[in-house]
Amino acid sequence: MTVRKNQANLTAAEKKAFVDAVLEVKRIGVYDEFVAAHRLRFALDMNTGVYVGHFGPSFLPWHRKFLIDFENELQKIDASVSIPYWDWTADNTVASSVWAPDLLGGTGRPLDDQVMDGPFAYSAGKWPINIQVDSRPFLARNLAYRVPTLPSRAEVDAALAIPTYDSAPFRDGSAGFRATLEGSAGYLSMHNRVHSWVWGQMESSVSPNDPVFWLHHSFVDKLWADWHALHPTSAEYLPAGGTVDVIDLNETMPPWPNTTPQSMLDHTPFYTYA
Ligand SMILES: [Cu+2]
């Protein structure tokens, strides 16, 4: 059974196994398929008015399925590996263990934001950026530059306290838990703010180029599970049906042929959180 752990609690061996599996999925070309799939979905979300991966209620189930698929690829390399989560409310500085050279490496250097240490540094030779939105072939970050602080535990708790999953018009800034957690209800808040805090590729449609993408979204996914536990009588997902240009509970989410929000509501057949 897959157990997703807080990155702060990983052993040295667990960190190495995760990093090695990510590097191998990259080497065989599969990693970049995930980056390309995210870039395509983001472009469609931005340009078609049909919000599937972002800006709408299916933001959470879409990313849950995306992470399950990626975790399955890691486990083909090493069955012991799971996606850790990064609790950015607690490990909220550039000195956090998540940015140490034995996990993700640190911030970028001045001038070009190039990450210079850790397994994903361009200079280490195993992490070329192939799926791009600009011409930089290296992983880039500028931690705490665009916004100085990460969301606080109090902000997270305020979002978790909202009893309604989502509400009409089921878009950017809709009232409810989903848009509040996504960060589309307030400029540079919550999930969106974390992307901006990291900067570099994380602040773009090719954000999965930075492995922290998975640790960030694993924590966002855990917060969805936490929210459900806090509100057991609330509808786990809305809208329930008949909504134009929005993924309803039992509609399929592209690019998957058979994945609906309903099929993603219970994460426990796939993994649990420690
Ligand atoms: Cu994200």
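Residues numbered from 1 in each chain as written. Predicted model: local features only at pLDDT ≥ 70, side-chain atom pairs only at ≥ 80, totals over all residues. Heavy atoms only, no water.

Going by what an unreviewed UniProt entry lists, the chain is known as Tyrosinase and is assigned to Streptomyces uncialis. Quoted verbatim from the Sequence similarities (unreviewed entry) field of UniProt, the annotation for the chain is "Belongs to the tyrosinase family." Its UniProt record gives the chain a comment under Cofactor (unreviewed entry), which states: "Cu(2+)". (UniProt positions renumbered as here; feature names shortened; annotations may be inferred.)

Asker: Can you explain the coordination of the copper ion? Please cite residues and give values.
Answerer: Geometry reference: four tetrahedral donors at a metal, ideal angle 109.5 degrees. Six octahedral donors, ideal angles 90 or 180 degrees. In this structure, His191 (NE2), His195 (NE2) and His217 (NE2) serve as the protein donors to the copper ion, at separations of 1.9 to 2.0 Å. Within one chain, the residues donating to the copper ion are spaced in sequence as H-x3-H-x21-H. Linking His195 in helix 6 (residues 190-198) with His217 in helix 7 (residues 212-230), this pair joins segments that are 22 residues apart in sequence. In terms of burial, His195 and His217 fall into one category: buried. (Donors = N, O, S within 2.8 Å, 3.2 Å for Na, K, Ca; no water. Helix = DSSP H or I, 4+ residues; strand = E, 2+ residues; numbered from the N terminus. Buried < 20%, exposed > 50% of the residue type's maximum accessible area, 1.4 Å probe, protein only.)

Asker: Would you mind going over the environment of Gly49 in detail, with residue names and values included?
Answerer: As for its position among the elements, Gly49 is in the loop between helix 2 (30-48) and helix 3 (59-77). Along the chain, Gly49 and Asp78 lie 29 residues apart, while their C-alpha atoms are 39 Å from each other. Not counting residues within four places of it along the chain, the set of residues in contact with Gly49 comprises Leu44, Arg171 and Asp245. (Contact = heavy atoms within 4.5 Å.)

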